[in-house]
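The lines below spell out each chain.
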Amino acid sequence: MSSWLGGLGSGLGQSLGQVGGSLASLTGQISNFTKDMLMEGTEDVPADSGREENETTHSVLRSENERLKKLYTDLEEKHEASELQIKQQSSSYRSQLQQKEEEINHLKARQTALQDELLRLQSAAESARSASGGAPAANASSSFSYGTSHRVSAFHEDDMDFGDVISSQQEINRLSNEVSRLESELGHWRHVAQTKVQGAQSSDQTEICKLQNIIKELKQNRSQEIDDHQHEMSVLQNAHQQKLTEISRRHREELSDYEERIEELENLLQQGGSGVTVTDHSKVYEMQNTIQILQMEKVESTKKIEDLEHKIKEIHKRLSSAEHDQEVWKKERERLEVERRQMTEQYAENEIMRLSSLNQDINLAEDNQKLQLCVQTLEKEKSLLSQEKEELQISLSKLSSEYEVIKSTATRDLDLFSQVHDLKHNLEVKEQELNQSIHENEILMAELEELDKQNQEATKHVILIKDQLSKQQSEGDSVIKKLKEELDDEKQRTHQLEDDKMSIIKELNIQKEKLTHSEQALSDLQLIKQKLEDKVEDLVGQLSKSEKNNFDIQKENRELREHIRQSEEGLSTVRSELTQSQTQGSSSNLKDDLLKERDTEVQNLKQNLSEVKQLNEHLEQVAFDLRTENEELLEAYEEVRNQLEESVAGNKQISLEKTDMPEWEKAQLETELCRAEKRVLEEERKYEQTVVKELSGTRSPDTSALQLEQERLIQLNQEKDFEIAELKKSIEQMDTDHKRTKETLSSSLEEQKQLTQLINEKEICIVKLKEKSSELQKELDRCAQTLRKNETLRQTIEEKDRSLGSMKEENNHLQEELERLREQQSRVVPVPEPRTLDNTIELESELSQLHIIKDHLEEEIKHHQKMIEDQNQNKMQLLQSLQEQKKEMDEFKYQHEQMSITHTRLFLEKDEEIKNLQKTIEQIKAQLHEERQDSQTENSDIFQETKVQSLNIENGSEKHDLSKAETEKLVKGIKERELEIKLLNEKNISLTKQIDQLSKDEVGKLTQIIQQKDLEIQALHARISSASYSQDVVYLQQQLHAYAMEREKVMLVLNEKTRENSQLKTEYHKVIDIISAKEAALIKLQDENKKMSTRFESSGQDMFKETIQNLSRIIREKDIEIDALSQKCQTLLTVLQTSGTGSEAGGVNSNQFEELLQERDKLKQQVKKMEEWKQQVMTTVQNMQHESAQLQEELHQLQAQVSVDSDNNSKLQVDYTGLIQSYEQNETKLKNFGQELAQVQHSIGQLCNTKDLLLGKLDIMSPQLSSGSSLTCQSAEPLRASQSSEPHESSQLLQQEVDDLRKSLQEKDATIRTLQENNHRLSDSVAASSEVERREHEQTDSEIKQLKGKQEVLQNLLKEKDLLIKAKSDQLHSSNENLANKVNENELLRQAVTNLKERILILEMDISKLKGENEKIVEASKGKETEYQALQETNMKFSMMLREKEFECHSMREKALAFEQLLKEKEQGKAGELNQLLNAVKSMQEKTVTFQQERDQVMLALKQKQMENSTLQNEVQRLRDKESRLNQELQRLRDHLLESEDSHTREALAAEDREAKLRKKVSVLEEKLVSSSNAMENASHQASVQVESLQEQLNMVSKQRDETALQLSVSQEQVKQYALSLANLQMVLEHFQQEEKAMYSAELEKQNHILAEWKKKAENLEGKVLSLQERLDEANAALDSASRLTEQLDLKEEQIEELKKQNELHQEMLGDAQKKLMNLVNSTEGKVDKVLMRNLFIGHFHTPKHQRHEVLRLMGSILGVKREEMEQLFAEGQGGVTRWMTGWLGGGSKSVPNTPLRPNQQSVFNSSFSELFVKFLETESHPSVPPPKLSVHDLKPLDSPGRRKVDTDAAESRAGRRTDVNPFLAPRSAAVPLLNPAGHGPGGPGHLLLKPISDVLPTFTPLPVSPDNSAGVVLKDLLKQ
């Protein structure tokens, strides 16, 4: 735009600058000329020079004139060119303006949609912010109305200015700003809604999840239904488009047929016209007229056809209203038939008439033949029309069926929308409930915090009380006894109080119900109040008048009060007299007199009252009643409000402080209610007083003092009644309060106990809540991480979608441009301009680039498809590998079972062979570790170092020799073995972890390798047992090489698999990207929908971008079209110029001229059409608002599509999650395998233990056999231990033991042989079972392969279907786009046509204006020329005059000189000569004068001739121009005449042909007329039937209207009746009030008597009340103090009881401990522990013979026997003692608890004596039952110094064993009880002193034995002690 404006401005500037320059030069030259002319006068020049100057000026002026003419012509050309440019640019501007207006319409529609969504979101998110949500809507509506009005006004103006363009641009900017603002607001509200939803989710996730599931299901159903609906719609649209194309094609065919027939008729006419004379001009003229009429009719028919096409398009748009469409179809069909009939009839009639007038001489027989032919052709046409009619009926039936389908779908959609609305409503309700629950939760949290504070205060209080209790124990005992007695009494009271409490609760409920009723009453009262306020405003005016009278009445009131006082004094005297008379009883006469006086007084009063009533009825009825009602309502309102506030406050206090003092608060509430009642009564009193004052004011001054006294007495009576009632209530309340205070004492005690329990429970709850909160926080963190990931993924997807969308749009643009280029190439004129060539070259280059890009894209798509297929194959391979892994796992389990069986047998072999096997196994393990290290180099470098260290240790352990002298080294080796076992366990754990980290393929391979290694280890075991060691070593080395090779292969396979895995992952990601790219449009819609719910600012921006891109595309298209039209215009101009310059070019072809005329006619028709189209556009502008609803429906459809896309995405996500789950399952399986490995290793350890146990049992059973064999079997390992402990003993013993060992070796060989045989049998059975399993695996593999093949086939089918679906969807999209493009092209062509017509009109107008301007300029130039001539003439005259005057001056000077000379000559005397001279002078003067006159005349004549020449030249030029124009016109007219004559001759021949054809048609048309008349009758009959049905419906409607009118009248009558009844009720109420007043006056007298009595009673009661209140206050204070004391006493009692119990326990335990200590001291001074000695004794017999002397030595050391004595005893005889001991004690120690064996420990029976002794000490030091769960940190050491070390050791040993110790919550007191606080549980006696005896023994302190230390070290330490 800016560049275009700049170019225009620069062009105009240049042209204007040139014009200005030329004008400036012209004015400068004129001024110079005038200066020269003026200067000429001053110069004295001769006549010849003046002429030359005149001629030069004349020539200059001529050249200047010619130059000016050239400039003028140039300027005119430039002006025309600039006008053409401006017109082109203005047309382009207008097209752009129209586009901008369309943009504005789109934006406004979008704005309205966004505003609707914004309002919905606002209403959903916050109901409170409805006012703020209304503002943007109002703004939007106002802006929309403004935009529409502006658009309409802009559209009405055809001649657009630049200002309009700028204003429209500003409007577009404003609308875009508004759109962005609305989008930001929408984003804000969505954010608010999201935050609300998130808050709700945190509080109540379960309900939301349920609702979400329901919503998802509904969305899925809705999306499915919408898909079906859309599918049906698309099918219908396609069918309709096909029908339209068929109809249009048939219509064209019919038109072509008609044209052919017309040509045939014309030919026939020409043939017939050969007989007719051509010279007959009248016939030719008639033929021309007929041709013109036919042309006009043709134009009308084309118009009608176009109208029909337009109607068909409208029908296509109105598919939804199918019933209306059917009617329109029928009407159109009827119209078509009628019009065709009319057309045919008109043709027939007109041409029959003309043919009859023309061809009277032609034979009748020929006419008949021609007519028969016409009839036949018409019959054919009739058959065609009937076929068309049938087809139309079929299409109508189809449309009706489609309409029914659409109706059903629409009803479904409506149901769905209603369901969605209900769900939304439910959601809102649930959200409200959630908010309420959150609020309640917050209140509960606050209560919890308060309780926590109370709990903290209570704990502080307890700590203080504990300090005080130590001092107040003695006082507490006495107080406790008293309080126990009081407690018994109070318990009885509590029962009573509980009953009262229940009754009070019921009363509270009743009060709550009353409150609700009072709230309802309040609402009613407020309504009544509003009515009364209106009445009060009317009465205020009347009251203002009465208030004036009040001032007068007040004065009278004062006087009346004084009078009343006097009367009261008289009354008091009368009363006193009456009382005296009553007491005496004698004065009866006085009574009678008084009674009479009273009667008279009463009668007088009544008379006065009646008078007053008569006087003041109106005032009382109006003012008093209204005021009473108003004030009563106000008072009731205030009372109810106060009660509400008090009840709310009371309820809050009850809810908060229910736990402390509920009854006390109830009492307070009741007192507050009493106070409220008192206030009410006081207000009533005040009100009555005011009423009395007003009444007294309103009364007339004639009212007496007695009336005032009577009113006062009524008031006093009422006051006293109220006071008495209040006093009664207060007394009752005081009694109830007194009772309740007693009850609260007992209830408060129980409630405090409950409170303590509640506090404990709440502490537990708080701990749980904290744990839950921590868990929730973790979950929140996880969710946040996942959300971030999702957001990043969404962003990436959106970016890809945008890039894809932009690429697609660019592609579409290029395709469209290509198509247009092709069209332009087809349309191009034979002489193209250089611009079009350049454009075509550029477009061809772009085309080639696009083709290349397309090829690349196709290649990429093929590549991606291949990748997808490879990925599917890889998936299949992965599944196969998974199944293989499963099979391998089964094999692995089976092999492990076999291994366990074989191990149980193998472990019974020789000890030496076991050691050799261990060495070989360690070597194999080392090799395995090396292999694993090689395989895991990439994963972990840290494990390599640990493995290297372990291998070094193992290599070091292998180097030990097994010679007899190095037994100590064996002991060290045992320790190292234990360390190695630990290391191996740790390595196993680390390996399992690493195995978990490995991928699926690697793990499968590793498991296979492990199984193979296990099998090889088994084979090695068998071979080692069978063959010699050296052969095995060689064989193992060979196998090692083989394994190394296999490992390398496995590593290669692993690397390949990892690469494949990575490739698969990359391919998977690529596939996902491709899928997302293919479904870009769908995902865009989904993103928009998601962002509607979450973050949706980007969606608006995307939409805006899309609209901008579409608009840019439209602008490009229009630019291209404008270029094409400009080229056409240029060609037309060239044609016109060539036709104009016929003399130069040599004439134009007549065909081209005809084509131009035809085009002009077409353009005129199109102009008319475009005017109609303009009107339609105006209507469409008005219908834009209606179309907004359709846009909303489209939005719903888009949302449905979005839901479908979301479903697809969810499916993809499900598939993805399934893959991930399968991957995780495989990982879990791997972990399980690792666990199973560990279990297997554990089971191996257990088997080792069981083997040791079995060997021990065998040793126990073997004493019956030969002593040598039995002893040698058990002596291998203990021997080494003894040798390590005592290497200094003699070699004799060693030699004997060696002999024994040899014997035992021979026996073991025999056993080994038997075991080998068993092993062989087992291996055979294993091989057979493995073969069976292999067969089964092969079968399963074949089945799996078959299944895989089927799956691949199915996947291929799926892929093909997906491809087909995508191809069809692409075709659909392309067809839709083509349709849209074609529609746009049509519209653009129409716009271009209108623009061209407008341009032509503007050009014509401009030409006419230019002609007028030219004429004006010519006239002005003529006037200026005449003025110029006149000026020149005057100038010449002035110059002549000047010269004459100058000449006269000159002559005068000469005369003067002559006179001087004469004078001189006279003096000299020359008079004669003077006279001669004078004569000569005179003659010369006369000659000069004549010469000057002649010269002036010649000059004037010359100038006149010059002027005449110039005028003649101008006229000659004009005449020549006219001649040239006339010649051109002549030439044109000649050409036109020739053409017209040719055309006339042709048309005459054609008309003759037509006449012949039309005669034939006439007969056919007559028949058709008959048939059509029948059809018309049928149609009229149908119409009459329809009219009747409509009339019936009208009658029905009118009946309904009458019924409704009757109902209205009835309801109005009811309303009137209600009004009357209301008025009657009001009257009745007034009567009631009057009657009540009369009753009050009657009861006044009675109440006066009762008043005196009640006064006395009231005074007494007031005194009582005061005393009771004082007592109550005292009782309350006492109760408070008592409650505090009871609380403190309860706490102290509990503490005293606990302390007593603890003291008793402490005392008992101390006594027991002292006794036990004394016993132990006494017993241990000269005694040894029996149990210890018995265990030692039994252990002695369990040990082999070689080591029994060690046991005896220990026993001796315990008993105090010296080492020398023991050696002497051993030297005397070895065997005797042992045999005697075995005979004496045969059994084992029953008391010793059997400790459970661990896998890392060796068996008890198969170890040395020193190990057995250490084990025994461990079992003795630790009890069999686990100790209580006490942490070492919580317990403090006891004060007993003698036992401190023992206890600490025991605690350490226990802490070393147990790590899973629960922390115990210690009490606040510093003293630690000796007893276990957890009670006597499974841990046995909990006292710390009551430990097993082994802990307390002074001889052997328990040592914590770690598995790292060897048995020998422990023995040495023990022996040192």
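All of the points below concern the structure found in this document. Model, not experiment: these values are computed from the prediction. In this convention, every chain numbers its residues from 1, walking through the sequence in written order. The predicted origin of the model limits local features to residues at a pLDDT of at least 70 and limits the giving and counting of side-chain atom pairs to 80 or more, whereas totals for whole chains, interfaces and linings rest on all residues. Side-chain figures throughout are based on the complete set of non-hydrogen atoms in the structure, without hydrogens or water.

Overview of the pattern of salt bridges
To keep it simple, the criterion reads: What makes a salt bridge here is a side-chain nitrogen of Lys or Arg within 4 Å of a carboxyl oxygen of Asp or Glu, nothing more. Strands are runs of DSSP state E lasting at least two residues, helices are runs of H or I lasting at least four, and both sets are numbered from the N terminus onward. Any residue under 20% of the maximum accessible area for its type is buried, any over 50% is exposed, and the rest in between are partly exposed; the area is computed with a 1.4 Å probe on protein chains only.
On inspection of all chains with the given rule, the structure shows 26 salt bridges. A salt bridge links Arg-1113 to Glu-816, with the shortest nitrogen-to-oxygen separation between them at 3.8 Å. With Arg-1113 in helix H20 (residues 1097-1140) and Glu-816 in helix H12 (residues 705-827), the pair connects residues that are 297 residues apart, well separated along the chain. Summarising the burial analysis for this pair, Arg-1113 and Glu-816 share the class buried. One salt bridge in this structure joins Glu-1117 and Arg-820, with 2.8 Å as the shortest N-O distance. With a gap of 297 residues between them, Glu-1117 in helix H20 and Arg-820 in helix H12 connect regions that are remote in the sequence.

A look at the environment of Gln-1493
Mapped onto the secondary structure, Gln-1493 falls in helix H26 (residues 1471-1725). Gln-1493 sits in the partly exposed class, given a relative accessible area of 42%. Taking the C-alpha atoms as reference points, Gln-1493 and Met-1440, separated by 53 residues in sequence, lie 9.0 Å from one another.

Quick notes on the packing of aromatic side chains
The line we're drawing: To pair, rings of Phe, Tyr and Trp, with the six-membered ring standing in for Trp, must have centres within 6.5 Å; the planes then decide the type, stacked if under 30 degrees apart, edge-to-face if over 60, and tilted in the middle.
Applying the stated rule across the entire model yields 2 aromatic pairs. Ring plane angle 10 degrees and centroid distance 5.7 Å describe the contact between Tyr-1068 and Tyr-1216, whose orientation is recorded as stacked. Here the residue Tyr-1068 occupies a position in helix H18 (residues 1029-1078), and Tyr-1216 occupies one in helix H22 (residues 1150-1261), the gap between them amounting to 148 residues. Looking at Tyr-1068, the relative accessible area reads 17%, which means it is buried. Since its relative accessible area comes to 39%, Tyr-1216 is described here as partly exposed. Both rings, one in Phe-1737 and one in Phe-1741, keep their centres 5.3 Å apart while their planes meet at 75 degrees; by these two values the pair is edge-to-face. Taken together, the residues span about one helical turn, with Phe-1737 and Phe-1741 both in helix H27 (residues 1730-1742) at a distance of 4 residues.

Examining the packing of H27 against helix H28 (residues 1748-1759)
Let me state the cut-off plainly: Here the axes come from fitting lines to C-alpha atoms, over the contacting stretch only for helices, and the angles between their N-to-C directions go from 0 to 180 degrees. Comment on the angle field: the value is read as roughly parallel under 35 degrees, roughly antiparallel over 145, roughly perpendicular from 65 to 115, and oblique elsewhere. Whether a crossing is left-handed or right-handed is set by the direction in which the near helix is turned from the far one by less than a right angle, anticlockwise for left-handed and clockwise for right-handed. Residues are treated as being in contact if the distance between any of their heavy atoms lies within 4.5 Å. Residues were grouped as follows: Ala, Val, Leu, Ile, Met, Phe, Trp, Tyr, Cys and Pro as nonpolar; Asp, Glu, Lys and Arg as charged; and all remaining residues, including Gly, as polar.
Contact pair H27 / H28: the axes reach a minimum separation of 8 Å and the direction vectors enclose 165 degrees. Here H27 is positioned roughly antiparallel relative to H28, judged by the angle of their axes. Here H27 runs over H28; the crossing is left-handed. In this structure, H27 contributes Leu-1732, Met-1733, Leu-1736, Phe-1737, His-1740 and Phe-1741 to the contact, and H28 contributes Arg-1748, Val-1751, Leu-1752, Met-1755, Ile-1758 and Leu-1759. Tallied by class, the residues present in the contact of H27 with H28 amount to 10 nonpolar, 1 polar and 1 charged.

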